[in-house]
Amino acid sequence: MYLVHEVPGHRREAHIPTLAIHYRRAGRQPLSRLREPPTLAIIPIRRAGDPVLREKARRVRAIDSSILKLIEDMWETMYDAPGVGLAAPQIGIPLRVVVIDVHDYPPFALVNPEIVKRSGERRCDEGCLSVPGFRGEITRSVKVLAKGLDPKTGKEVRIKGENDLLAEALEHEIDHVNGILYIDYLSGPEALIPLSDAPEIKA
Ligand code: NI
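Computed from a predicted structure; not experimentally measured.

Attention now moves to the overall build of the protein. The number of helices and strands found in the protein is three helices and eight strands. Starting at the N terminus and walking to the C terminus, you meet the elements of the protein as α-α-β-β-β-β-β-β-β-α-β. Out of the 203 residues belonging to the protein, those deemed buried represent 33%. When contacts within the protein are restricted to residue pairs at least 6 apart in sequence, those whose partners lie at least 24 apart make up 69%.

If you want it as structure tokens, here you go:
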């Protein structure tokens, strides 16, 4: 998912060089202590129409080094895009893994994420890195409670969003691992709004 509108106070991490992000995420070690530079991987993002985006992604059975590397690649790819959320199928890996970094909540990855509870309805103006150049207005939940495994500890965590970007991103990214895109909630392709149209800027 990417930010359709500028959010005041958003950290704009995309402006931080990706190498710095990698080192930071590698455990805040000073650069001098890392013997070898990490292998950075910014992976092409699959676009709507690619069948991998429509698969029900498989559950991760063990959080091993390949999953941790996948998550690193997802961070790199998401910040490079730039976006505020990414799901593994978007880089061609049909596994249930998502990463999310919205303002006012610490960045997190979730393995085998699922929605526990949701309630209420609100309209959201949404965009997806797999549908570049467009946004669309859809209905999302007001309250969203999700759970999944924290890859750093292997333990289950619960994350709650309410009427915010976090709630929207949880639904958006968990939809991805179920083969759902936000455009599925639109009445049709004509409801997609090109990003060049910016009615909110009109005087
Ligand atoms: Ni998306």
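The next subject is unusual backbone geometry. Both trends apply: most residues other than glycine have a negative phi, and most peptide bonds are in trans. With an omega of -5°, the peptide bond between Ala81 and Pro82 qualifies as cis. Position of Pro82 relative to the elements: it lies in the loop between helix H2 (65-80) and strand E1 (85-87). In this model, Asn163 sits at a positive phi of 55°, which is unusual for a non-glycine residue. By C-beta crowding, Asn163 is classed as partly exposed, having 14 other C-beta atoms within 10 Å.

A word on H2. Spanning 16 residues, H2 covers 22 Å between terminal C-alpha atoms, matching the ideal 22 Å at 1.5 Å per step. Among the residues of H2, those classed as buried are Ile67, Leu70, Ile71, Glu72, Asp73, Met74, Trp75, Glu76, Thr77, Met78 and Tyr79.

For the rest of this paragraph, the subject is the sheet that holds strand E6 (residues 143-149). With antiparallel pairing, the five strands of this open sheet are ordered in space as E1-E2-E3-E6-E7. Of all strands in the sheet, those bounded by a partner on one side alone are E1 and strand E7 (156-162). Neighbour-to-neighbour, the strand axes of this sheet turn through a mean angle of 35°, independent of strand direction. Bridge count between E6 and E7: seven bridges; the pairing is antiparallel. In the strand pairing of E7, Lys147 is matched with Arg158. Where H2 meets the sheet, its contacts fall on E1, strand E2 (97-100) and strand E3 (108-119), and the angle it forms with E2 comes to roughly 40°.

Before going further, it helps to spend a moment on the environment of Gly49. As for its position among the elements, Gly49 is in the loop between helix H1 (18-25) and H2. Assessed through the 9 C-beta atoms surrounding it within 10 Å, Gly49 is described here as exposed. A C-alpha to C-alpha distance of 9.2 Å links Gly49 and Ser130, two positions 81 residues apart in sequence.

A word on helix H3 (residues 165-177). In this model, H3 (13 residues) spans 19 Å end to end at C-alpha, consistent with the 18 Å of a helix rising 1.5 Å per residue. Backbone geometry just downstream of H3 places Gly179 in the positive-phi region, at approximately 80°.

Detailed reading of the predicted coordinates is not advisable wherever pLDDT is low. Of the residues in the protein, 80% reach a pLDDT of 70 or more, and the chain-wide mean stands at 87. Predicted confidence for residues 12-20 stays below pLDDT 50, and this span has eleven contacts to residues more than four positions away or in other chains.

Turning next to the sheet that holds strand E5 (residues 134-140). Taking strand neighbours across the sheet as the criterion, the three strands line up as E4-E5-E8 in an open arrangement whose pairing is antiparallel. What marks the edges here is a single partner per strand, and that holds for strand E4 (122-126) and strand E8 (193-194). Bridge count between E5 and E8: two bridges; the pairing is antiparallel. The residue of E8 that forms the bridge with Phe134 is Pro194.

Calculation rules
- Residues numbered from 1 in each chain as written.
- Predicted model: local features only at pLDDT ≥ 70, side-chain atom pairs only at ≥ 80, totals over all residues.
- Helix = DSSP H or I, 4+ residues; strand = E, 2+ residues; numbered from the N terminus.
- Buried ≥ 20, exposed ≤ 12 C-beta atoms within 10 Å, placed from the backbone.
- Contact = placed C-beta atoms within 7 Å.
- Expected span 1.5 Å × (residues − 1).
- Pairing = 2+ DSSP bridges.
- Axes fitted to C-alpha atoms, helices over the stretch in contact; angles between N-to-C directions.
- pLDDT = per-residue confidence, 0-100.

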